Amino acid sequence: DIQMTQSPASLSASLGETVSIECLASEGISNDLAWYQQKSGKSPQLLIYAASRLQDGVPSRFSGSGSGTRYSLKISGMQPEDEADYFCQQSYKYPYTFGAGTKLELK
Amino acid sequence: EVQLVESGGGLVKPGASLKLSCVASGFTFSDYWMSWVRQTPGKTMEWIGDIKYDGSYTNYAPSLKNRFTISRDNAKSTLYLQMSNVRSEDTATYYCTRERDPLMVASDYWGQGVMVTVSS
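Residues numbered from 1 in each chain as written. Chains lettered and ligands numbered in written order. Predicted model: local features only at pLDDT ≥ 70, side-chain atom pairs only at ≥ 80, totals over all residues. Heavy atoms only, no water.

Asker: Is there a simple way to think about the pattern of salt bridges in this case?
Answerer: Evaluated as defined, the whole model comprises 8 salt bridges over all chains. The salt bridge partner of A:Arg61 is A:Asp82, with a shortest N-O separation of 2.7 Å. Of this pair, A:Arg61 sits in the loop between strand 6 (53–54) and strand 7 (62–67) while A:Asp82 sits in the loop between strand 8 (70–76) and strand 9 (84–90), and the two are 21 residues apart along the sequence. The residues A:Arg61 and A:Asp82 share a single accessibility class, namely buried. Measuring nitrogen to oxygen at the nearest pair gives 2.9 Å for the salt bridge that ties B:Arg38 to B:Asp90. Here the residue B:Arg38 occupies a position in strand 4 (residues 34–39), and B:Asp90 occupies one in the loop between strand 8 (78–83) and strand 9 (92–99), the gap between them amounting to 52 residues. Among the charged side chains, a network of salt bridges with common partners joins B:Arg38, B:Glu46, B:Arg67 and B:Asp90. (Salt bridge = Lys/Arg side-chain N within 4 Å of Asp/Glu carboxyl O. Helix = DSSP H or I, 4+ residues; strand = E, 2+ residues; numbered from the N terminus. Buried < 20%, exposed > 50% of the residue type's maximum accessible area, 1.4 Å probe, protein only.)

Next comes the structure, spelled out in structure tokens:
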């Protein structure tokens, strides 16, 4: 299985601060990577697919980048509603696997 | 509006079987691959498996393949997860998801989730 190492495990950011979360795959995944946001008590929501494509309806302050084995999610200007857990998922090879998640809090 | 509504969860004893259902609406169910994902109480996300739009092909996490079976009934717009010989480590919230595109795979819609607790 492809292992997805996500960092950091938790993060605290001030209003308006730019935040980055990373996922490192155990092998190259050819941009087959998605990012999800999960607010407390809710189901996950898709933010980014194919490493850098913004899902419809997602604010443009969210962006994804990366290649090969390293990928990142950037939030350009932390907002209160961005407080949530974030997960990456690779879909390059079965079984699709998730990162362990990052808990983002507002400072 | 796309909706995925899971049901069938609850408290079950170790070794028992359980079948989860997911009723889809708001889109043409038979056009999409669908998947099941679970989240443990510790928030770990685990992909269980997926099924092709016509039900002809399934993929599973190797650790679950011998006990879990995914199926679908396109006439009823319903996805199923048959769980057998359940264990305490199967305790989780189970989500049904729609896979947006077979070339750029990601789960673009998720159900509200259904809790399964395995305990004697």
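Asker: For this particular structure, what's the right way to read the interface of chain A and chain B?
Answerer: Many authors give the size of an interface as the accessible area that is lost as the parts come together. At the interface, 22 residues of chain A touch 25 residues of chain B. For the chain A face of the interface with chain B, the top three residues by lost area are A:Tyr94, A:Tyr96 and A:Phe98, together amounting to 29%. For the pair chain A and chain B, the number of links is 1 salt bridge. Between A:Asp85 and B:Lys43 there is a salt bridge whose closest N-O contact spans 2.8 Å. At the junction of chain A and chain B, the tally comes to 9 residue pairs in polar contact (both at pLDDT 80 or more). Contributing elements (two or more residues each) for the side of chain A that touches chain B: strand 4 (33–38), strand 5 (45–49) and strand 9 of chain A. Tallied by class, residues from the side of chain A that touches chain B come to 11 nonpolar, 5 polar and 6 charged. (Contact = heavy atoms within 4.5 Å. Buried area = accessible area lost by both parts, 1.4 Å probe. Polar contact = N/O pair within 3.5 Å; in protein donor to acceptor, adjacent residues only side chain to side chain. Nonpolar A, V, L, I, M, F, W, Y, C, P; charged D, E, K, R; others polar.)

Asker: Would you take a moment to explain the state of the cysteines for this structure?
Answerer: Disulfides are covalent bonds that connect the sulfur atoms of two cysteines. According to the stated counting rule, one finds 2 disulfides over all chains in the structure shown. Between the sulfur atoms of A:Cys23 and its disulfide mate A:Cys88 the distance is 1.8 Å. On the sign convention where negative is left-handed, the bridge of A:Cys23 and A:Cys88, at about -80 degrees about the S-S bond, is left-handed. Placement of the pair is A:Cys23 in strand 3 (residues 18–25) and A:Cys88 in strand 9, with a sequence separation of 65 residues. With respect to class, A:Cys23 is no different from A:Cys88; both count as buried. B:Cys22 shares a disulfide with B:Cys96; S-S distance 2.1 Å. Negative torsions about the S-S bond denote left-handed disulfides, and the value of about -60 degrees found for B:Cys22 with B:Cys96 makes this one left-handed. Of this pair, B:Cys22 sits in strand 3 (residues 18–25) while B:Cys96 is found in strand 9, placing the two residues 74 residues apart along the sequence. Here B:Cys22 matches B:Cys96 in class, with each residue buried. (Disulfide = S-S within 2.5 Å.)

Asker: Explanation requested: the sheet that holds strand 1 (residues 4–7) of chain A in the structure shown.
Answerer: The strands making up a sheet associate through backbone hydrogen bonding, with each pair oriented either parallel or antiparallel. Residue and element names in this part refer to chain A. Reading across the sheet, the 4 strands line up as 1-3-8-7 and stay open at both edges, with antiparallel pairing between neighbours. Two strands bound the open sheet, and with one partner strand each, they are strand 1 and strand 7. Neighbour-to-neighbour, the strand axes of this sheet turn through a mean angle of 20 degrees, independent of strand direction. (Pairing = 2+ DSSP bridges. Axes fitted to C-alpha atoms, helices over the stretch in contact; angles between N-to-C directions.)

Asker: Can you walk me through the side chain of A:Thr97 in this structure?
Answerer: Residues and elements named next belong to chain A. As for its position among the elements, Thr97 is in strand 10 (residues 97–98). For Thr97, the side chain forms a polar contact with the main-chain oxygen of Ile2, separated by 2.7 Å. In contact with Thr97, other than residues within four places in its own chain, are Asp1, Ile2, Met4, Cys88, Gln89 and Gln90.

Asker: What is the right way to read the packing of aromatic side chains from this model?
Answerer: The relative placement of two aromatic rings is captured by the distance of their centres and the angle of their planes. Per the counting criterion, the structure on display carries 10 aromatic pairs over all chains. Members of the aromatic cluster, joined through ring pairs, are A:Tyr36, A:Phe98, B:Tyr95 and B:Trp110. For the cation-ring pair, B:Arg72 lies above B:Phe29, with the distance from its terminal atom to the ring centre recorded as 4.3 Å. (Phe/Tyr/Trp six-rings, centres within 6.5 Å; stacked < 30°, edge-to-face > 60°. Lys NZ or Arg CZ within 6 Å of the ring centre and 35° of its normal.)

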